[in-house]
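Here are the chains, one letter per residue:
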Amino acid sequence: MKNGKVWGHTELLFSNPIVEFHRIEVNAGFECSTHKHEHKWNGFYVEKGALEIHVIKNSYALTDVTVLTAGQFTTVRPGEFHKFVCKEDCVAFELYWPELLSEDIVRQNVGGTAKL
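Description of the structure in this document. If you're wondering where the values come from, they're calculated on a predicted model, not measured in any experiment.

### Quick notes on the packing of aromatic side chains
By the definition in use, this model includes four aromatic pairs. Geometrically, the ring pair formed by Phe-21 and Phe-93 is stacked, given 5.4 Å between the ring centres and 10° between the ring planes. Of this pair, Phe-21 sits in strand E3 (residues 20–26) while Phe-93 sits in strand E7 (residues 81–98); the two residues are 72 residues apart in sequence, bridging distant segments of the chain. With centroids separated by 6.0 Å and ring planes inclined at 75°, the aromatic side chains of Phe-44 and Phe-84 adopt a geometry described as edge-to-face. Taken as a pair, Phe-44 in strand E4 (residues 40–56) and Phe-84 in strand E7 lie far apart in primary sequence, 40 residues in all. Aromatic ring contacts, followed pair by pair, group Trp-7, Phe-44 and Phe-84 into a single cluster. Taking the ring centre of Tyr-96 as reference, the NZ or CZ of Lys-40 above it sits at 5.8 Å.

What follows is the structure, encoded as structure tokens:
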């Protein structure tokens, strides 16, 4: 289903309980809302044009800006506020997937040479 947005439109291509896959067309000079996903990763792959992904980092005072052009991909971690900004008309694919058990390790130290 295709849905209009203030910045262009989005079309849901595939969805199941684990992943969502959308095609988005974004008009130059527009941006989406600044938002976060509590439990989902957000991925962006640009097919045509250019799209900036602005991510407000939680662990330090910085907004990271990644500029994507055709053939490039980036991700946004769950819990990080972000938005996209379109400098040039863009066709991209947006993916969502939940944080599962992929990052379940908590380290007490970095390891190294054993003290014998």
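### Observations concerning the environment of Asn-58
Mapping Asn-58 onto the fold places it in the loop between E4 and strand E5 (63–69). What makes Asn-58 exposed here is its relative accessible area of 54%. Along the sequence, Asn-58 and Glu-80 sit 22 residues apart, while their C-alpha atoms lie 6.4 Å from each other. When near neighbours in sequence (up to four residues on either side) are disregarded, Asn-58 contacts Gly-79 and Glu-80. Here the side chain of Asn-58 touches Gly-79 through a polar contact of 2.9 Å, landing on its backbone oxygen.

Parameters and conventions
- Residues numbered from 1 in each chain as written.
- Predicted model: local features only at pLDDT ≥ 70, side-chain atom pairs only at ≥ 80, totals over all residues.
- Heavy atoms only, no water.
- Phe/Tyr/Trp six-rings, centres within 6.5 Å; stacked < 30°, edge-to-face > 60°.
- Helix = DSSP H or I, 4+ residues; strand = E, 2+ residues; numbered from the N terminus.
- Lys NZ or Arg CZ within 6 Å of the ring centre and 35° of its normal.
- Buried < 20%, exposed > 50% of the residue type's maximum accessible area, 1.4 Å probe, protein only.
- Contact = heavy atoms within 4.5 Å.
- Polar contact = N/O pair within 3.5 Å; in protein donor to acceptor, adjacent residues only side chain to side chain.

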